[in-house]
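# Analysis of the macromolecular model
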Amino acid sequence: MTQVSLTNLIAGARAGFLVSFPTDTVPALAAIPEKAGLIFAAKQRSQDKPLILMAASAEDLWLYVKGSENEYKVWQEVADKYWPGGLTLVLPASERVPKVMNPIDSTTIGIRVPNSAIAQTILAQTGPLATTSANFSGQPPLQTIAEIQLQFPQVLIATTEYRGEMPGMGIPSTVAKWTGINWQILRQGAIKLDISTDNQI
């Protein structure tokens, strides 16, 4: 039985179990950052595909990145404009990020604040979680609880608050990487980032 109450899902995540919950884009597969290896194993995911650190607020994420005062200012402006929402920022990682989050290149980390009440409720109580879409690597993101349960029987899924279909637009987040002077779009997704005006140094 993998369907659990929200309280039990939060307790399970804190205890190091894999969990799944809806976001504003696609359902997430998540674990505490130190247990990110569980996600790679469950998804059969290549080590060169890093995970995203998701949190309830930008303030919870800034400790996991490092940059100059000017860079922080630029990042904060973009976060203020697009978060919560379907935008992942890939930034230089601080020492706080466990290497298992990004085994091949531990110098960067993708961070995001989802525009989803249930995701924020969970993340506010677990702290930032390592996340990715709920699916086997290379396959389309799963959209329903039934599909997730079938593919990941070991994952805790909160189902009491929303039954059947998981909400979300079904489109992954846009991924933008900071180059040191401006943004490079790695994946065009849910949000259209205006590169020309969105803050460069």
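The rules we used
Residues numbered from 1 in each chain as written. Predicted model: local features only at pLDDT ≥ 70, side-chain atom pairs only at ≥ 80, totals over all residues. Heavy atoms only, no water. Helix = DSSP H or I, 4+ residues; strand = E, 2+ residues; numbered from the N terminus. Rg over C-alpha atoms; globule rule 2.2 N^0.38 Å. Buried < 20%, exposed > 50% of the residue type's maximum accessible area, 1.4 Å probe, protein only. Contact = heavy atoms within 4.5 Å. Areas by Shrake-Rupley, 256 points an atom, 1.4 Å probe, with all protein chains shown as cover. Lys, Arg positive; Asp, Glu negative; His and termini not counted. Charge placed at Lys NZ, Arg CZ, Asp CG, Glu CD. Patch = residues over 30% accessible without salt bridge, like charges linked within 9 Å, V, L, I, M, F, W, Y side chains within 5 Å. Salt bridge = Lys/Arg side-chain N within 4 Å of Asp/Glu carboxyl O. Pairing = 2+ DSSP bridges. Arc of directions from axis to C-beta. Phe/Tyr/Trp six-rings, centres within 6.5 Å; stacked < 30°, edge-to-face > 60°. Core = buried A, V, L, I, M, F, W, Y, C linked by side-chain atoms within 4.5 Å.

## Notes on the overall build of the chain
When its secondary structure is counted, the chain shows five helices and ten strands. Taken over the C-alpha trace, the chain has a radius of gyration of 16 Å; the compact-globule value for 201 residues is 17 Å, and the two agree within 12%. Taken along the three principal axes of its C-alpha coordinates, the chain extends 50 × 30 × 30 Å. Residues counted as buried form 53% of the 201 residues belonging to the chain. Taking the contacts inside the chain whose residues are at least 6 apart along the sequence as the reference set, 66% of them involve residues at least 24 apart. As displayed, the chain offers around 9,000 Å² of accessible surface, 54% of which is attributable to carbon and sulfur atoms. When the 15 basic and 16 acidic side-chain charges of the chain are each reduced to a single mean position, those positions are 6 Å apart.

## Side note on a negative patch on the surface
A cluster of acidic side chains, namely E59, D60, E77 and D80, defines a negative patch on the protein surface. Its place among the elements puts E77 in helix 3 (residues 69–82). For E77, a relative accessible area of 35% translates into the label partly exposed.

## Thoughts on helix 2 (residues 36–43)
Among the residues making up helix 2, those that are buried are A36, I39, F40, A42 and K43. Once helix 2 ends, the next one or two residues include Q44, with phi positive near 55°.

## Observations regarding the pairing of strand 10 (residues 183–187)
Two elements, strand 9 (residues 174–178) and strand 10, share four bridges in a ladder whose sense is antiparallel. In the sheet register, V175 faces strand 10, and the bridge partner there is R187. Counting the residues that bridge the hairpin from strand 9 to strand 10 gives four residues, and of these G180 lies at a positive phi of roughly 110°.

## Digging into helix 4 (residues 117–126)
All buried positions along helix 4 are accounted for by I118, A119, I122, L123 and T126. Burial along helix 4 is one-sided: seen end-on, the buried residues are contained in an arc of 125°. Residues of helix 4 that are exposed and angled more than 90 degrees away from the buried face: A117 and A124. Close packing links the buried residues of helix 4 with helix 1 (6–14), strand 2 (19–21), strand 4 (52–54) and strand 7 (129–133). Backbone geometry just downstream of helix 4 places G127 in the positive-phi region, at approximately 85°.

## Some details on the pattern of salt bridges
The final tally for this structure, using the stated rule, is one salt bridge. When the shortest N-O distance is used, the salt bridge between D24 and R112 registers 3.0 Å. Of this pair, D24 sits in the loop between strand 2 and strand 3 (28–31) while R112 sits in strand 6 (residues 108–112), placing them 88 residues apart in sequence. R112 shares its class with D24; the two are buried.

## A few points about the packing of aromatic side chains
The description of an aromatic ring pair uses the distance of the two centres, along with the angle that the planes make with each other. Taken as a whole, this structure holds six aromatic pairs when the rule is applied. Note on W75 and W178: the rings are 6.3 Å apart at their centroids and 85° apart in plane angle, and the pair reads as edge-to-face. Placement of W75 in helix 3 and of W178 in strand 9 is noted, with a sequence separation of 103 residues between them. We note that W75, like W178, is buried. Aromatic side chains W178 and W183 sit 4.9 Å apart centroid to centroid with 65° between the ring planes, which places their arrangement in the edge-to-face category. A residue is classified by how much of its surface remains accessible, and W178, at 6% relative accessible area, is buried. A relative accessible area of 5% means that W183 is categorised as buried.

## Thoughts on the nonpolar core
Core analysis: the biggest nonpolar cluster contains 43 residues, and W62, W83, L87, L89, L91, I111 and W183 have the highest contact counts within it. Residue assignment for this core shows that the elements contributing at least two residues are strand 3, helix 2, helix 3, strand 5 (87–92), strand 6, helix 5 (145–151) and strand 9. Ranked by residues supplied to this core, first place goes to helix 3 with five residues. Ignoring anything within four residues of it in the chain, the contact list for I111 reads I52, L53, L61, W62, V65, W83, L87, T88, L89 and L91. If you look at the next biggest cluster of nonpolar residues, it comprises 19 residues, including L9, A13, F21 and A30.

Geometric descriptors of this kind do not, in isolation, establish any biological role.
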